[in-house]
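# Geometric and topological summary
The primary structure of each chain is shown beneath.
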Amino acid sequence: MSRLTLARFYVPVCFLIPLSFALGGTALLAQQADLLAAMHAYADLILYNGKVLTADDKFTITQAVAVRDGKILSVGDTALIQKMAGPSTVQIDLKGGTVTPGFIDSHSGGSQGGHGPSGPTYMKNYTALRCEALDDCLRQTKTAVAKAPAGEWVFVNPFRTAAAYQLNIQLLDQLAPNQPLLVTLDNTTGFVNSKAFAYLKDYLSDEVVQAGIFRDKSGQPNGRIAGGAYGAMTYEIIPWPEGQHLEDLIQKEIKREKFINRMGVTSLGARHSGLAISILREIQRRGQMPVRIRVSTEFMRLNPRTEAYLKRLGNLMDVGDEWFKISGATVSSIDGIPTAGGNLTRKPMRQLETWYAFGAYGQNKWRDMVVEGKDWKQYSDYNSALLTGKYGWNVSDFHILGDGGVELALEVFDKINQTTPVKGKHFGMVHGLMRPPDLAKRLAGYDAVLSMNQTIFRGSTATLEKQYGADAVAGFLPIRELIEIGLKPVMEVTNIAGWRGGGPTGSGGQGGAGTFLDDQNLYLQSMQLFVTRKNIDTGKVLGPHLKATREDVLRMATAWAARFSGDEKILGTIEPGKLADLVVLGGDYMTVPEEKIADLPILKVIVGGKVTYDRDRDEARMLEELKKGASSSSAPM
């Protein structure tokens, strides 16, 4: 390795000037003078005397980095980098600490107004329930309705309990005879009363909407809506917040982004509804966004008129700038969550809990969003995914946990690829629980990007072990295998329940209370879990042969994560010309004991060459903000 890597080469003045006259032209001389001035401009910021982990292809480690105009100017030895300092250059002595590229979270959740079909947690009259029996669900729903002002929408989420599937329109009409009521079962299905169902009148001529309206034996709507009908209700009919309500959501999101940035995150990706996109853009317009935003837009998710939208909107994939970009589109989740028996699997579960609403193979949400007798591939998001490829978009955020879900997504890839290449479009899958080698090899052929969470390392694995067996669970999240196959898995962190304030079950729910916890080490802890594969609660190491190296885990958080949004040319590594997004750690990431990675203090976070978080400057104030938030009322708006 050379001692110095520069964004531009230095050329001696004694060579440039004679050459310019020899070539004959003052214009050339002027151009060379401008080039010289640019090459010898001082750095704005220098970090020196540390361990700079570039995360490049060779995993180059050096001592110092120089930044100018928001980009990496050079990396190299301290003595040489400091020669780029001028009178106004800010210099930071790392004192042996580590500099890494800024962390990238490829699949975040919980933004205000985001991920609409999971339940409109951002609305005033939203209540999350936990009920095991139908009578209990009805009682709690009645209480929620009674609290709402007369005539206003009421939203209730009993969180996938089987009892809620026994609801019907008559029961809900008794609970809320004078106001629209929506009960969210999951992010593809819900129940409505007559007042809410009436809002669908303008959509009833649409075949996709009709395919999502469930009926009783007499042929009348029974209140259950799914697929296109549910999508129309949750995206297009439910009113947007306005006035102070909307401003409160904006302020909550500003706070959320600050605390995510405090974890070392400099770029954040997620699937977002139109409301969430509008909130994020407003924050950016105000100049208060501390991180870069990458959006998987939900405009096609549960959309009964997908092709019409695609024709009107055109292909906006990868449109945007360094700060805010549409990284692709997303469709509805293929399967559900493991704790509710919702993984779509190729083999049946060994043991089923009595309250599960699904069968031994888990949940196929695409099939469940269409009434019996209708072709679910024609009327579900299966067809929307095909249309996505037809019109040049990707699907950048496939929610898939089970291997049966992966197989179904690959079926979609195969069909799209017959007319439009999938490879190179950064099609992405999130959550990553089951990714067996035979399917992973096919995914590698399409250069799919896989985002991985840490489900089996956080909390009890007892339910999963009942479902699939201890040996199978130990083989979940097979990072080492995926890398050896040729895939480059990436990180997802800030969508876990502890960050979002918790839902009704304490896992996987959005909650909506706006609670922020003092979990600055959350991202580093997630990196540690992939290195150790040790479950936090039990201390058991799950699948030690599948451990990832520190180098690979850092790439998962940075260089490889940039691929998820198609940003690998500008983000993810500390190389000349790339955006200067950096994390300064108070310790050595490469030598600290594996189980102490999460304890490394985050001293500074730098986005575009600007310090967005400084421990000495900001930590006391932010801890006080957390303390005030914990003691104040957090009732959902």
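Everything numeric in this text was worked out from a predicted model, so none of it was measured. (Residues numbered from 1 in each chain as written. Predicted model: local features only at pLDDT ≥ 70, side-chain atom pairs only at ≥ 80, totals over all residues. Heavy atoms only, no water.)

## Comments concerning the overall build of the protein
For clarity, the cut-off: Helix and strand definitions here come from DSSP, where helices need a minimum of 4 consecutive H or I residues and strands a minimum of 2 consecutive E residues; each element is numbered from the N-terminal end. Working definition: with a 1.4 Å probe on protein chains only, accessible area under 20% of the residue-type maximum means buried, over 50% means exposed, and in between means partly exposed. Working rule for contacts: check all heavy atoms of both residues, and any pair within 4.5 Å makes them a contact. Calculation of accessible area relied on Shrake-Rupley with a 1.4 Å probe; when residues are assessed, cover is drawn exclusively from the protein chains displayed.
When helices and strands are tallied, the protein shows 24 helices and 25 strands. Going through the 637 residues of the protein one by one, you find that 59% of them count as buried. Long-range pairs, those at least 24 residues apart, make up 73% of the contacts in the protein with a sequence separation of at least 6. Of the roughly 25,000 Å² of accessible surface on the protein, a fraction of 52% belongs to carbon and sulfur atoms.

## Looking at empty space enclosed by the protein
What counts, and what does not: Cavities and pockets were defined on a 1 Å grid built over protein atoms only: a cavity is a set of grid points that admits a 1.4 Å probe from which the probe cannot escape, a pocket is an open set flanked by protein on both sides within 12 Å along at least five of seven lines, and lining residues are those with an atom within 4 Å of any such point. Grid points are joined across faces, edges and corners, and a volume is the space filled by probe spheres set on the points. Only Asp, Glu, Lys and Arg are considered charged in this grouping, and only Ala, Val, Leu, Ile, Met, Phe, Trp, Tyr, Cys and Pro are considered nonpolar; every other residue, Gly among them, is considered polar.
Scanning the entire structure with this criterion turns up 5 cavities of 30 Å³ or more. Empty space within the second largest cavity amounts to approximately 70 Å³. Residue lining of the second largest cavity: 13 residues in total, with S106, G269, R294, F564 and S565 positioned closest to the centre. At the level of elements, β9 (103-105), β16 (265-272), β17 (292-297) and α23 (559-564) are the ones that each hand at least two residues to the lining of the second largest cavity. Looking at the lining of the second largest cavity element by element, the count peaks at 3 residues for β16. Split by residue class, the lining of the second largest cavity holds 5 nonpolar, 5 polar and 3 charged.

## Section: helix α14 (residues 381-390)
An α-helix turns once every 3.6 residues. As a result, residues three or four positions apart point the same way. Short version of the rule: Pairing of N or O atoms within 3.5 Å defines a polar contact, subject to two protein rules: one partner must be a possible hydrogen donor and the other a possible acceptor, and residues neighboring in sequence count only if both atoms are side-chain atoms.
With 7 of 10 residues buried, α14 lies mostly within the body of the structure. Residues D381, Y382, S384, A385, L387, T388 and G389 constitute the buried set of α14. Check the buried side of α14 and you find it contacts α11 (306-313), α12 (365-368), α13 (376-379), β19 (398-400) and α15 (403-417). Near the N-terminus of α14, the side chain that reaches the backbone nitrogen of Y382, with its oxygen 3.1 Å away, is that of S380.

## Concerning the sheet that holds β19
Note the threshold: Strand pairing requires that DSSP identify at least two bridges connecting the strands. Here an angle of 0 to 180 degrees is reported between the N-to-C directions of two axes, which are lines fitted to C-alpha atoms, with helices fitted over the stretch in contact.
Taking strand neighbours across the sheet as the criterion, the 4 strands line up as β19-β20-β21-β22 in an open arrangement whose pairing is parallel. Strand pairing shows two members of the sheet lacking a second neighbour, β19 and β22 (490-491), which therefore form its edges. Together, β19 and β20 (428-431) form the strand contacts of α15, whose direction differs from that of β19 by roughly 150 degrees.

## A closer look at the pattern of salt bridges
Proximity of charged atoms lets side chains of opposite charge pair with each other. Heads up, the condition is: Salt bridge, as applied in this entry: a Lys or Arg side-chain nitrogen positioned within 4 Å of an Asp or Glu carboxyl oxygen.
Scanning the model with the defined rule gives 35 salt bridges in all. Between D614 and K604 there is a salt bridge whose closest N-O contact spans 2.9 Å. Of this pair, D614 sits in strand β25 (residues 610-614) while K604 sits in strand β24 (residues 602-607); the two residues are 10 residues apart in sequence, bridging distant segments of the chain. By the burial criterion, D614 is buried, and K604 matches it.

## Concerning the pairing of strand β23 (residues 582-585)
Residues L582 and V584 of β23 are buried on one face, and the alternating residues V583 and L585, pointing to the opposite face, are buried as well. One ladder, built from 4 bridges, connects strand β8 (residues 98-101) with β23; its direction is antiparallel. When the bridges of β23 are listed, T98 appears paired with L585. Judged from the 4 bridges that link them, β23 and β24 form a sheet pairing that is antiparallel.

## Some remarks on the state of the cysteines
Any covalent bond linking the sulfur atoms of two cysteines counts as a disulfide. For clarity, the threshold we go by: The criterion for a disulfide is a pair of cysteine sulfur atoms lying within 2.5 Å.
Inspection of every chain in the model, using the stated rule, returns 1 disulfide. Residue C131 pairs covalently with C137 via a disulfide, S to S 2.1 Å. Measuring the twist about the S-S bond at about 90 degrees, one finds the C131-C137 disulfide to be right-handed. Here C131 falls in the buried class, since its relative accessible area comes to 1%. With a relative accessible area of 3%, C137 lands in the buried category.

## Side note on the packing of aromatic side chains
For any pair of aromatic rings, the description rests on two quantities: the centre-to-centre distance and the angle between the ring planes. Put simply, the rule reads: Aromatic rings from Phe, Tyr and Trp, with only the six-membered ring used for Trp, were paired whenever their centres fell within 6.5 Å, and each pair was classed as stacked if the ring planes differed by under 30 degrees, edge-to-face if by over 60, and tilted otherwise. Consider the ring centre and the ring normal. A charge sits over the ring if Lys NZ or Arg CZ is within 6 Å of that centre and within 35 degrees of that normal.
Evaluated as defined, the whole model comprises 13 aromatic pairs. Relative to F398, the ring of W366 lies with its centre 6.3 Å away and its plane at 55 degrees, an arrangement referred to as tilted. Of this pair, W366 sits in helix α12 while F398 sits in strand β19; the two residues are 32 residues apart in sequence, bridging distant segments of the chain. By relative accessible area, F398 is classed as buried at 1%. Taking 5.9 Å as the distance between ring centres and 80 degrees as the angle between the ring planes, the aromatic pair formed by W376 and Y382 counts as edge-to-face. Three or more aromatic residues joined by ring pairs make a cluster, and in this case those are W366, W376, Y382, F398, F413, F427 and Y446. It is R281 that lies over the ring of F324; its NZ or CZ is 4.7 Å from the centre. Stacked on the ring of W323, the Lys or Arg R292 has its end atom at 4.3 Å from the ring centre.

## Quick word on the packing of α11 against α14
The test is simple: Angular relationships are summarised with four words: roughly parallel below 35 degrees, roughly antiparallel beyond 145, roughly perpendicular across 65 to 115, and oblique for the angles in between. Crossing handedness is read from the near helix: turned anticlockwise from the far helix by less than a right angle, it gives a left-handed crossing, and turned clockwise, a right-handed one.
Closest axis-to-axis distance for the α11/α14 pair is 10 Å, and the angle between their directions is 25 degrees. Here α11 lies roughly parallel to α14, going by the angle between them. The two elements α11 and α14 cross, and the hand of that crossing is right-handed. Across the interface between the two elements, T306, E307 and L310 of α11 pack against S384, L387, T388 and K390 of α14. Residues that form the contact of α11 with α14 fall into these classes: 2 nonpolar, 3 polar and 2 charged.

## Structural notes on the side chain of T54
Note on placement: T54 falls in the loop between β3 (51-53) and β4 (61-62). A relative accessible area of 1% places T54 in the buried class. In this structure T54 touches F59, T60, P101, T573 and I574, once residues within four positions along its chain are discounted.

## Quick notes on the pairing of β16
Two faces, one strand: in a regular strand the side chains alternate between the faces of the sheet. Counted only if it meets this: When the strands point away from the viewer and the connection leading from the first strand across the helix to the second strand turns clockwise, the crossover is called right-handed.
With 8 of 8 residues buried, β16 lies mostly within the body of the structure. Looking at chain direction, β9 and β16 are connected through 3 bridges and run parallel. Residue D105 lies in a different strand from β16, and its bridge partner there is L268. As defined by bridge partners, β16 adjoins β17 across 6 bridges and the pair is classed as parallel. When the bridges of β17 are listed, S267 appears paired with R292. Crossover handedness for the path β16 to helix α10 (residues 274-285) to β17: right-handed.

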